[in-house]
Amino acid sequence: MDYIEKDLELFPESTLRVIKFDDPHTHGLTSFDMKAVDFILEYPDKYVYLELKDPDSPDSRAGGVRRFIADYKTGALKTKLSKKYRDTFIYRWAQNKADKPIHYYVLICWDFLDVPKYNLLTDSLKKHLPRRSEKWRRKFAEKCVVLSLTDWNKQFPDCIIRRRSLMGHH
Amino acid sequence: MIKSLYLKNFTVFDDLRIDLSNKINIIMGVNGTGKTHILKVLYAMCKANGDVSADNNMSEEEKRDISSSMITGVFKPLDGVLGNLKKTGSKGGNAIVEIEYPDNAKFGLSFNANKQASGNGDAIKDLFNHTYESVYVPIDAHPVFIPAKEIISFMAGLPALVQKYELSFDMTYTDLMSQLEIPAIQKSLRTIRTDAIMEEIEKICVGRFEFKGGGNVTFKADKAEYSANVTAEGFRKLGTLYRLIETGALRPGVGGPLFWDEPDANLNPLQVKGVVDALYSLAQSEQQVVLATHNYNLIKWFDLLFDKDRGDHVRYHVLYRDKGVIRVNSTDDFDSIDPNPILDAFSELYDEELERYV
């Protein structure tokens, strides 16, 4: 099975179960206003919800960056990212798959971003989710991280992501 | 340890109550929202209570004089008049300052804008101390205040000058100087944890400061000795913390709270983690810490190094203006800091960068 999202492709180890979640042919919710994260990684001790944003994609370089910036400036980016998490959570809860801690990773491939900006985006998104509340008995999100492709590959060597255009694919 | 602070019509505050953590408190806010005032008034009241509670034979007049002098000593109001610290244009009665301890004992005072009072003690309308009988505050429980500007570099000769002349330094500087000048306590009175903090500071600074008396301070590294003035300001700040532990001015679990104004100012970002580690370590030993900051790096390290399993507790207090009135939002959750002026400032920086990118 291929795990492809436009110019980015996941290469999970055989022991890791990965679901291409944002596939309208499989989740059956296209007639509802529900959003979905791109991939879900199922580990023994956690679920990882992975959303990919690729302003640097060669398919839509200038347009991609413009759209991304517009979303960021208006706050639409945070809203979309948190809605994807929440709706995915609801869907998985209904599947009885909210039984493990959930880690939300948003991978943004954009050369403009550096470590301080990724930290800022992480903190902004965390405020928007929310991850937890004093009145809740469980965390809504165990972790929430916005990071670069390089950092994703460092943290998840069992699920490396590569750019297809650099591997000769089109 | 202080449980809460209440201020009414005092400096920039109309009516404000802050509930403090018994471990780490971080006061945030844009300029003008009174962060340093909060630290200073807590320090002054803590110190005043320590002094008036220690002597049950003290007259009411003496108690008022001491309490007033502590506050005017740290704030240095115009003409040294306590009444000048009442909020300008305030309505609804006298200024009130009150601290509360964990056992609900309170110490407070009220005053009006009277500028004619002959002695500052006369300006105090009401001094209430419910700790006389119920709580004995040990002499050791003096608080410590580290101001934003380190003092090691200009201490030489200052202790003698301060004794003789009226200088413009406020009491936080002169008190700190005294606490740095006293001899080191016996090592047996220190703990493994405070010794570990001192070792870590020596590692970061690659050396240690030597206090020779009379405000003369040098820095020893390997076999060489230098003037403290040629060392980095960040090292001098860490050296201050080291020395306070060495003299016993800072004794977690025994002494009073530690107040630190902008611990990150002039500190290399790489050293911030070391400072945060040291503060968490002090807090684990029951040292209450209250600090004020503008720095994203600093609060982020507090969030990253937070470990609930070892008993860490941090409370973030954000001061903000709401229709001209200063209010506070306190939260124990980094993600819930709202408003977050530090995050907003960084957002603005990157928004500007984004405009240029496009």
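Residues numbered from 1 in each chain as written. Chains lettered and ligands numbered in written order. Predicted model: local features only at pLDDT ≥ 70, side-chain atom pairs only at ≥ 80, totals over all residues. Heavy atoms only, no water.

**Overview of the overall build of chain B**
Argument step 1. A tally of regular secondary structure across chain B gives 10 helices and 14 strands.
Argument step 2. In terms of overall size, chain B behaves like a compact globule, its C-alpha atoms giving a radius of gyration of 21 Å where 358 residues would be expected to give roughly 21 Å.
Argument step 3. With the C-alpha coordinates aligned to their principal axes, the bounding extent of chain B is approximately 55 × 55 × 40 Å.
Argument step 4. Of all 358 residues assigned to chain B, the portion counted as buried reaches 54%.
Argument step 5. A separation threshold of at least 6 residues defines the contact pool for chain B, and within that pool the share at least 24 residues apart is 69%.
Argument step 6. A total of about 15700 Å² of accessible surface is found on chain B, and carbon and sulfur atoms cover 49% of it.
Argument step 7. Side-chain charges of chain B comprise 39 positive and 51 negative groups, with the mean position of each set lying 2 Å from the other. (Helix = DSSP H or I, 4+ residues; strand = E, 2+ residues; numbered from the N terminus. Rg over C-alpha atoms; globule rule 2.2 N^0.38 Å. Buried < 20%, exposed > 50% of the residue type's maximum accessible area, 1.4 Å probe, protein only. Contact = heavy atoms within 4.5 Å. Areas by Shrake-Rupley, 256 points an atom, 1.4 Å probe, with all protein chains shown as cover. Lys, Arg positive; Asp, Glu negative; His and termini not counted. Charge placed at Lys NZ, Arg CZ, Asp CG, Glu CD.)

**Some words on the overall build of chain A**
Argument step 1. When you go through chain A residue by residue, the secondary structure sums to 5 helices and 8 strands.
Argument step 2. What you see in chain A, going N to C, is helices and strands ordered as β-β-β-α-β-β-α-α-β-α-β-α-β.
Argument step 3. Computed over the C-alpha atoms, the radius of gyration of chain A is 16 Å, within 12% of the 15 Å expected from 2.2 N^0.38 for a compact globule of 170 residues.
Argument step 4. Buried residues in chain A amount to 51% of all 170 residues.
Argument step 5. Counting only contacts in chain A whose residues sit at least 6 apart along the sequence, the fraction spanning at least 24 positions is 67%.
Argument step 6. Accessible area for chain A stands at about 9100 Å²; split by element, carbon and sulfur atoms hold 52% of it.
Argument step 7. Within chain A, one finds 32 positive and 25 negative side-chain charges whose respective centroids are separated by 6 Å.

**Some points on the layout of surface pockets**
Argument step 1. What the largest pocket holds in volume is close to 1400 Å³.
Argument step 2. Looking at the largest pocket, it is lined by 39 residues, and the ones nearest its centre are A:Lys126, A:Arg131, A:Arg132, A:Glu142 and B:Asp303.
Argument step 3. Broken down by class, the residue content of the lining of the largest pocket amounts to 13 nonpolar, 7 polar and 19 charged.
Argument step 4. Reported here for the second largest pocket is a volume of approximately 540 Å³.
Argument step 5. Forming the boundary of the second largest pocket are 20 residues, of which A:Lys6, A:Leu52, A:Lys53, A:Asp54 and A:Arg67 lie nearest the centre.
Argument step 6. For the lining of the second largest pocket, the secondary-structure elements that each account for two or more residues are strand E5 (47–53), helix H2 (61–74) and helix H3 (76–94) of chain A.
Argument step 7. Examining the composition of the lining of the second largest pocket, we find that 4 residues originate from one element, H2(A), more than from any other. (1 Å grid on protein atoms, 1.4 Å probe; cavity = no way out; pocket = protein on both sides within 12 Å on 5 of 7 lines; lining within 4 Å. Points joined across faces, edges and corners; volume = space filled by probe spheres on them. Nonpolar A, V, L, I, M, F, W, Y, C, P; charged D, E, K, R; others polar.)

**Quick notes on a negative patch on the surface**
Residue and element names in this part refer to chain B.
Argument step 1. A grouping of Asp55, Glu61, Glu62 and Asp65 is seen on the molecular surface, where their side chains present a negatively charged patch.
Argument step 2. Considering the arrangement of structural elements, one finds aspartate 65 in helix H2 (residues 60–75).
Argument step 3. Classification of aspartate 65 as partly exposed rests on a relative accessible area of 36%. (Patch = residues over 30% accessible without salt bridge, like charges linked within 9 Å, V, L, I, M, F, W, Y side chains within 5 Å. Salt bridge = Lys/Arg side-chain N within 4 Å of Asp/Glu carboxyl O.)

**Focus on the confidence of the model for chain B**
Argument step 1. Confidence in the prediction for chain B averages 86 pLDDT; 93% of positions are at 70 or higher.
Argument step 2. Looking at the elements of chain B, mean pLDDT is at its lowest for helix H3 (residues 120–123) of chain B, recorded as 64, and at its highest for strand E12 (residues 289–292) of chain B, recorded as 97. (pLDDT = per-residue confidence, 0-100.)

**A word on the interface of chain B and chain A**
Argument step 1. Contact with chain B, which involves 19 residues of that partner, is made by 18 residues of chain A.
Argument step 2. Carbon and sulfur atoms make up 54% of the surface buried where chain B meets chain A, a total of about 1700 Å² over both sides.
Argument step 3. On the chain B side of the contact with chain A, B:Asp335, B:Tyr350 and B:Tyr357 bury the most area, a combined 37% of that side's loss.
Argument step 4. Taken together, the connections running from chain B to chain A amount to 3 salt bridges.
Argument step 5. Summed over the shared surface of chain B and chain A, the number is 6 residue pairs in polar contact (both at pLDDT 80 or more).
Argument step 6. Only helix H9 (296–305) and helix H10 (341–357) of chain B provide two or more residues apiece to the side of chain B that touches chain A.
Argument step 7. It is H10(B) that provides the largest number of residues to the side of chain B that touches chain A, a total of 9 residues. (Buried area = accessible area lost by both parts, 1.4 Å probe. Polar contact = N/O pair within 3.5 Å; in protein donor to acceptor, adjacent residues only side chain to side chain.)

**Quick word on the state of the cysteines**
Residue and element names in this part refer to chain A.
Argument step 1. Evaluated as defined, the whole model comprises 0 disulfides over all chains.
Argument step 2. Here cysteine 109 stays unpaired: no disulfide links it, and the sulfur of cysteine 159, its closest cysteine neighbor, is 13 Å away.
Argument step 3. Cysteine 109 gets classed as buried once you look at its relative accessible area, which sits at 6%. (Disulfide = S-S within 2.5 Å.)

**Section: the nonpolar core**
Residues and elements named next belong to chain B.
Argument step 1. Ranked by size, the top nonpolar core spans 58 residues in total, and within it Ile24, Ile26, Leu241, Leu258, Leu279 and Phe302 carry the most contacts.
Argument step 2. Looking at this core, the element that brings in the most residues is helix H8 (residues 269–284), giving 8 residues.
Argument step 3. Every residue in contact with leucine 279, bar those within four places of it in the chain, is listed here: Ile24, Leu258, Trp260, Val289, Leu291 and Phe302.
Argument step 4. Counting 43 residues, the second largest nonpolar core, distinct from the first, contains Leu39, Tyr43, Phe111 and Val290. (Core = buried A, V, L, I, M, F, W, Y, C linked by side-chain atoms within 4.5 Å.)

**Things to note about the pattern of salt bridges**
Residue and element names in this part refer to chain A.
Argument step 1. Applying the stated criterion across every chain yields a total of 40 salt bridges over all chains.
Argument step 2. A salt bridge links glutamate 142 to lysine 139; the nearest nitrogen and oxygen atoms lie 3.3 Å apart.
Argument step 3. What emerges from the salt-bridge pattern is a single network uniting Arg17, Glu42, Arg92 and Lys97.

**Brief notes about the pairing of strand E4 (residues 39–42) of chain A**
Remember that side chains alternate between the two faces of the sheet whenever the strand is regular.
Residues and elements named next belong to chain A.
Argument step 1. Of the two faces of E4, the one holding Phe39 and Leu41 and the one holding Ile40 and Glu42 are both buried throughout.
Argument step 2. Pairing of strand E3 (residues 17–20) with E4, which is carried by 4 bridges, proceeds in the antiparallel orientation. Opposite valine 18, over in E4, you have leucine 41 as the bridge partner.
Argument step 3. Summarising the sheet, E4 and E5 pair through 4 bridges and their orientation is antiparallel. Counterpart to phenylalanine 39 in the pairing with E5 is leucine 50.
Argument step 4. Hairpin connection, E4 to E5: the antiparallel pair is bridged by 4 residues. (Pairing = 2+ DSSP bridges.)

**A few points about the packing of helix H4 (residues 115–128) of chain A against H10(B)**
Argument step 1. Viewed as axis vectors pointing N to C, H4(A) and H10(B) meet at an angle of 125°, and their least axial separation amounts to 11 Å. The pairing of H4(A) with H10(B) is recorded here as oblique in orientation. As H4(A) packs across H10(B), the resulting crossing turns out to be left-handed. Residues A:Pro116, A:Lys117, A:Leu120, A:Asp123, A:Ser124 and A:Lys127 of H4(A) pack against B:Leu343, B:Phe346, B:Ser347, B:Tyr350 and B:Glu353 of H10(B).
Argument step 2. Looking at side-chain class alone, the contact of H4(A) with H10(B) contains 5 nonpolar, 2 polar and 4 charged residues. (Axes fitted to C-alpha atoms, helices over the stretch in contact; angles between N-to-C directions. Parallel < 35°, antiparallel > 145°, perpendicular 65-115°, else oblique. Left-handed = near helix turned anticlockwise from the far one by under 90°.)

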